[in-house]
Amino acid sequence: MSEALGGGPRWVSPGSDFHPEDLASAPDDAAFVVATSGSTGRPKGVMLTADAVRAGAVATCERIGDGDWALALPIDFVAGLMVVARAVVTESRVTWVGSDLADLDPEEPTHLSLVPTQLNRALESPETTRRLAACATVLLGGAPASRETLARAHDAGIEVVTTYGMSETSGGCVYNGVPLPGVDVTLDTDDRIELTGPMMFSGYLGDPRRTSEVLHRPTSAGTGSGIRTVRTQDRGIWADGRLRVLGRIDDVVISGGVNVDLAAVTRAAASLPGDHSAFGIDDPEWGTRVVLATTGTITLEQARKQLAADLPPAALPRGLVRLDSLPLTDRGKIDRRALPLLWRTHIEREER
């Protein structure tokens, strides 16, 4: 990785199956090709220049300070990659500790990045919680964290910094709702989040069409500038000077002729016992039926009654599937493709 940052051989996500011809035709300045699939769609190869990765690493360290790093995430994806990159750029130490944090040394304050699943599991262990509380900073990203999780971490003395970003932005570039140095956040007329800065990607491997849909260069930037704008698939608002991510653009569905924000349903459901995620399925009566996946024991009738104070009638779930745990991608995000499949399995079981 340090070689790629220094102009050496290109770094490609381990285990990726990018087409050799695409890799061979990638621009010379594509120092990194990172595998990403997000929570929907086919896997993509995100091309990052060395300057972009370096800019992202420097901006993070400007915000949280220099220091050693612990690597608790796989380097296959951007979050783990950026942990190592920050250590390389600042000439600090990086130590692999494993995803369960068992090797995290509580006597040596360090920075590390986690996804909410890891933090939730850590909070169940007093010893692991103590280790995290000794860390200088715990960057938390990859998926939204519940208010309950953040409150528990705060009460335990863990210095959590929530991050928003993606592979296309060299990882997190908005910390605790505040853009990192050099990053500009704008919202278009549909509240779509657009991110501009020197750490943005340079294109998708072998996919110029998709690149043109997502990546733009501001008119004020010179042709040789590394400043680019990424049009995300997320919606947001400004609240008290901080960016609040509301959910994905495609989280808005039409149910019974009314627009329903599935992300708002999921946020409201955080008040219920267990973990939850709202999703939509095709329905002949409603167009899209709002369904709530839950790990709790609540019934559909109970959920609708308790959520009625926070949601309009059209947004109240009209289906409920109870799961032992919510399906996650290998990056710790809710697997949005798996939820409708689990619903179908649930219906088939009910009809037997």
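About the cut-offs
- Residues numbered from 1 in each chain as written.
- Predicted model: local features only at pLDDT ≥ 70, side-chain atom pairs only at ≥ 80, totals over all residues.
- Heavy atoms only, no water.
- Helix = DSSP H or I, 4+ residues; strand = E, 2+ residues; numbered from the N terminus.
- Rg over C-alpha atoms; globule rule 2.2 N^0.38 Å.
- Buried < 20%, exposed > 50% of the residue type's maximum accessible area, 1.4 Å probe, protein only.
- Contact = heavy atoms within 4.5 Å.
- Disulfide = S-S within 2.5 Å.
- Core = buried A, V, L, I, M, F, W, Y, C linked by side-chain atoms within 4.5 Å.
- Pairing = 2+ DSSP bridges.
- Salt bridge = Lys/Arg side-chain N within 4 Å of Asp/Glu carboxyl O.
- Axes fitted to C-alpha atoms, helices over the stretch in contact; angles between N-to-C directions.
- Parallel < 35°, antiparallel > 145°, perpendicular 65-115°, else oblique.
- Nonpolar A, V, L, I, M, F, W, Y, C, P; charged D, E, K, R; others polar.

A. Representation of the overall build of the chain. Of regular secondary structure, the chain possesses 11 helices and 21 strands. What you see for the chain is a C-alpha radius of gyration of 21 Å, in line with the 20 Å of a compact globule of 352 residues. For the chain, the C-alpha atoms occupy an extent of roughly 60 × 50 × 45 Å along the three principal directions. Looking at the chain residue by residue over its 352 residues, the buried ones come to 49%. A separation of at least 24 residues holds for 57% of the contacts in the chain among residues at least 6 apart in sequence.

B. The state of the cysteines, seen in detail. With the rule as written, the count across this model stands at 0 disulfides. Cysteine cysteine 61 remains unbridged, with the sulfur of cysteine 173 as its closest cysteine sulfur at 15 Å. There is no disulfide at cysteine 135, and the cysteine sulfur nearest it, in cysteine 61, is 15 Å away. Classification of cysteine 135 by relative accessible area gives buried; the value is 8%.

C. Molecular detail of the nonpolar core. Phe32, Leu195 and Phe201 are the most contacted members of the largest nonpolar core, which totals 43 residues. Looking at this core element by element, the count peaks at 7 residues for helix H4 (residues 78-90). For leucine 195, the residues in contact, after removing those within four places along its chain, are Tyr164, Met166, Thr169, Cys173, Val174, Asp184, Val185, Met200, Arg228, Thr229, Val230 and Thr232. Within the second largest apolar cluster, 18 residues are counted, among which are Val260, Ala269, Leu292 and Ile298.

D. Local environment of the sheet that holds strand S1 (residues 11-12). On the basis of which strands lie adjacent, the open sheet formed by 4 strands has the order S1-S2-S3-S13 and mixed pairing. Sheet topology places S1 and strand S13 (203-204) at the edges, where each strand pairs with a single neighbour. In this sheet, strand S2 (residues 32-36) lies alongside S1 in parallel orientation, the contact comprising 2 bridges. Bridging across to S2, tryptophan 11 finds its partner in phenylalanine 32.

E. Region of interest: the pattern of salt bridges. Enumeration according to the criterion identifies 16 salt bridges in this entry. For aspartate 68, the salt bridge is made with arginine 93, and the minimal N-O distance between the two is 3.9 Å. Of the two residues, aspartate 68 is situated in the loop between helix H3 (50-64) and strand S4 (69-71) and arginine 93 in the loop between H4 and strand S5 (94-96); the sequence distance between them amounts to 25 residues. A residue is classified by how much of its surface remains accessible, and aspartate 68, at 29% relative accessible area, is partly exposed. Between glutamate 127 and arginine 130 there is a salt bridge, and its shortest N-O distance comes to 2.9 Å. Placement of the pair is glutamate 127 and arginine 130 together in helix H6 (residues 126-133), with a separation of 3 residues, close to one helical turn. Under the relative-accessibility criterion, arginine 130 is labelled partly exposed at 43%. One connected set of salt bridges, linked through shared partners, spans Asp188, Arg192, Glu194 and Arg231.

F. Region of the structure containing the environment of valine 185. Note that valine 185 resides in strand S11 (residues 184-187). Its relative accessible area of 8% is what places valine 185 among the buried residues. In this structure the C-alpha to C-alpha distance between valine 185 and serine 92, which are 93 residues apart in sequence, comes to 30 Å. In contact with valine 185, other than residues within four places in its own chain, are Val174, Pro179, Ile193, Glu194, Leu195, Trp238 and Leu243.

G. Representation of the packing of helix H5 (residues 116-123) against H6. Between H5 and H6, the shortest axis-to-axis distance is 7 Å and the interhelical angle comes to 120°. The pairing of H5 with H6 is recorded here as oblique in orientation. The segment H5 lies against H6, with Leu119, Ala122 and Leu123 engaging Thr128, Thr129 and Leu132. Within the contact of H5 with H6, the residues separate by chemical class into 4 nonpolar, 2 polar and no charged.

H. Spotlight on H5. Among the 8 residues that make up H5, 6 are buried, leaving the element largely enclosed by the rest of the structure. Here H5 has its buried residues at Pro116, Thr117, Gln118, Leu119, Ala122 and Leu123. If you follow the buried residues of H5, they end up packed against strand S6 (111-114), H6, strand S7 (137-140), helix H7 (147-155) and strand S8 (160-166).

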